[in-house]
Amino acid sequence: YRAFAMGADFSDDSTLELGTEKPAPAKTRFEDVREDLRPVSEGLAFHEGSSAANPNLSLAIGFRTLSIHLTETQHEGSAPVKDDVVNFFEQLTFHTVSVQRLCGMFGITPEGGLDNVVAARNIQRDGKNTFVQEKPKYIWKLLKYIFGDFCSILWIGVIIFFICWKPLSDPPSPTNLALAILVILVIASQASFSAFQDWSTGRIMNSILDLLPSECIVIREGNTSRIPASDLAVGDVVLLSVGNKVPADMRLIETSGDVRFDRAVLTGESEEIEGNIDSLGETFLEAPNIALMGTHVTNGHAKGVVVLTGGRTVNGDATDGAVLRFVESFGDAATIRASNDQVFQIPFNSRNKWMLTMYTRGDEEKQPESLVFVKGAPDVLLPKCTSYYSAITNDIQPFTLEAKAKLVSTQEAWSRGGQRVILLCMRHYTPHASVGSNDFGPEVTQNAIEGLTIVGLLGLMDPPRPESSHTVKECRRAGIRFFMVTGDFGLTAAAIGRQIGIITTHAEPDSLLDVTKLMGELPEGPLPSCRDPANRLQRSLVLEGKDLIQLTERHWDVVTRYEEIVFARTTPEQKLSIVNAFQTRDNIVAVTGDGVNDAPALKAADVGVAVVSGSDVAIEASDLVLMGNFDSIIG
């Protein structure tokens with residue numbers, strides 16, 4: 001990225017954390033079931049001093065998984081496993097202690113993380129953060145399929161029929177021989193069905209057990225680094241962001257205020273769970289401040305402390321990187337940030353299309369007036385702006401229609417050049433809710449983005465990948481239509497589409513108005529398939545998310561016939577509706593993507609293609625994963 005900035009004068013010459021080792025766990029009643037459950041690692045479990053449980057009790061992560069899918073399996077000569085598992089989790093209090101006390105338990109700070117020596121010692125004690133699966137005993141399984149359960153009764157029948165065949169019958173009875181053979185075939189069928197059932201169940205269980213991401217971001221000795229998830233230790237401070245898979249059971253200690261988790265892989269619940277740093281008396285497994293291993297981060301970001309093991313990024317955004325480099329050309333950004341304390345942040349997402357940060361000085365009183373900065377899509381934020389900072393008069397001026405016209409003109413000019421345009425705003429705001437409370441995030445989200453003051457406009461150059469043009473050309477040469485679906489502004493998306501060959505016409509692309517006019521030219525009755533290039537409209541089209549909301553089925557009949565299309569300012573739901581619209585009109589659809597918001601479309605497509613550097617969610621939803629550059633899709 002290259003960043004350009006414009007002061008808000010709208011003139012023509014605009015310029016732009018040290019751990020302690022716990023003693024070995026004492027033998028408890030819960031130990032009796034360990035051999036049966038075959039735990040693979042142990043994590044420190046904390047109990048309040050008033051609890052009757054042993055404070056040194058350790059827990060294998062395998063127990064947490066069993067608590068989600070409880071069974072009545074019993075250890076020979078012992079009480080039911082279910083009761084012990086449930087009792088154990090009812091006694092866990094990681095979610096009820098304060099953040100300060102939690103950090104003290106593990107000898108860490110949120111900024112410093114775990115000491116490397118302590119981390120290595122914890123891993124040696126607890127084992128790797130992985131699941132170890134017992135190697136199946138095929139001979140015993142085969143014998144069980146053939147002679148176990150109901151088959152044992154059938155074998156008695158086989159023996160009786162053989163005896164009735166010979167020697168009891170004289171001459172031998174063919175009927176009894178036939179019945180014996182028939183029962184043997186039934187046994188073989190039953191054994192085959194049981195084997196298939198076990199194999200199918202095993203595949204499902206393996207997919208459930210394979211819950212760990214390959215890598216994660218941790219803070220150790222004050223340094224942020226990416227490590228294999230299997231090397232996580234109890235007490236590690238982990239950074240989570242949208243699209244990540246949670247690498248271990250963690251207690252959240254910091255959140256962006258809008259972080260949410262998808263727990264469907266563990267609980268089957270389709271609704272996302274909102275995460276925060278407080279607990280309202282729920283159990284460990286239900287607490288919103290506990291991120292369970294294997295669940296997905298669907299929104300926001302957070303920082304958490306690993307509390308149970310076994311079972312991706314730091315500022316990993318190109319837009320922020322470009323802005324930071326631009327600011328660094330004027331002064332030391334670190335010094336500016338150090339003079340103010342960031343107390344809250346809402347990261348950018350495809351639904352809001354803006355990002356918010358809130359700062360307050362450390363020497364202010366308990367409820368100070370905070371400084372709020374917002375950056376995002378101009379078309380989304382402009383309706384929320386009431387003033388602008390003038391570089392000419394060096395003060396704040398009302399955001400009049402004339403000023404708005406100049407700003408929009410500049411935005412459109414930059415967008416036509418293929419730049420991604422970002423509006424920068426600010427305001428002062430005094431929150432009513434306490435920082436970090438459950439009510440704080442919703443209050444800021446609702447109130448702090450109104451009455452904004454514009455402080456500038458940024459234009460970022462995001463050149464397409466060098467291989468993109470060649471990939472598009474080769475796909476189109478093979479008769480494949482190649483469309484763009486993006487969250488960028490329409491003019492920006494159209495310019496990039498021209499650069500990489502998605503739009504090749506010299507005329508301005510069609511709009512929703514043109515689509516509406518063409519509806520009258522459609523023939524009556526079933527429409528011919530667009531798989532035949534002769535039935536397509538050899539024209540280009542640009543539609544934004546606001547246009548897609550207005551489309552009827554008849555509109556889609558026209559849209560799906562265009563040879564060249566760019567969909568701009570789309571939401572995740574609209575990406576999915578685009579895929580569905582083309583599929584229902586006899587098109588084979590392949591979707592490429594790398595973000596968490598691409599997952600629904602990747603899953604619905606006939607062929608979902610993710611890139612290896614993409615989010616865990618996108619990779620899991622896809623059918624193919626590109627291990628190289630984007631051009632490997634045609635390799």
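### Details of the pairing of strand β12 (residues 301-308)
Line of reasoning, step 1. Buried residues dominate β12, accounting for 7 of its 8 residues.
Line of reasoning, step 2. As defined by bridge partners, strand β6 (residues 237-241) adjoins β12 across 5 bridges and the pair is classed as antiparallel. Bridge pairing in β12 links valine 237 to valine 305.
Line of reasoning, step 3. Where strand β7 (residues 249-255) lies against β12, 6 bridges are found, and the strand directions are antiparallel.

### Focus on helix α7 (residues 151-165)
Line of reasoning, step 1. For α7, with 15 residues, the first-to-last C-alpha span of 21 Å sits near the 21 Å given by 1.5 Å per residue.
Line of reasoning, step 2. Residues of α7 that are buried: Cys151, Leu154, Gly157 and Val158. Take α7 and look down its axis: the buried residues cluster within an arc of 105°, on one side only. Residues Ile153 and Ile159 are exposed on α7 and point more than 90 degrees away from its buried face.

### Considering the packing of helix α6 (residues 138-147) against α7
Two measures define how a pair of helices packs: the angle their axes make with one another and the distance between the axes.
Line of reasoning, step 1. One can describe the packing of α6 onto α7 by two numbers: an axis separation of 6 Å at closest approach and a directional angle of 60°. Regarding the angle of α6 to α7, the classification is oblique. Taking contact as the criterion, the partners of Tyr145, Ile146 and Phe147 in α6 are, on α7, Cys151, Ser152 and Trp155.
Line of reasoning, step 2. For the contact of α6 with α7, a count of residues per class yields 5 nonpolar, 1 polar and no charged.

So, how was this worked out
- Residues numbered from 1 in each chain as written.
- Predicted model: local features only at pLDDT ≥ 70, side-chain atom pairs only at ≥ 80, totals over all residues.
- Heavy atoms only, no water.
- Buried < 20%, exposed > 50% of the residue type's maximum accessible area, 1.4 Å probe, protein only.
- Helix = DSSP H or I, 4+ residues; strand = E, 2+ residues; numbered from the N terminus.
- Pairing = 2+ DSSP bridges.
- Expected span 1.5 Å × (residues − 1).
- Arc of directions from axis to C-beta.
- Axes fitted to C-alpha atoms, helices over the stretch in contact; angles between N-to-C directions.
- Parallel < 35°, antiparallel > 145°, perpendicular 65-115°, else oblique.
- Contact = heavy atoms within 4.5 Å.
- Nonpolar A, V, L, I, M, F, W, Y, C, P; charged D, E, K, R; others polar.

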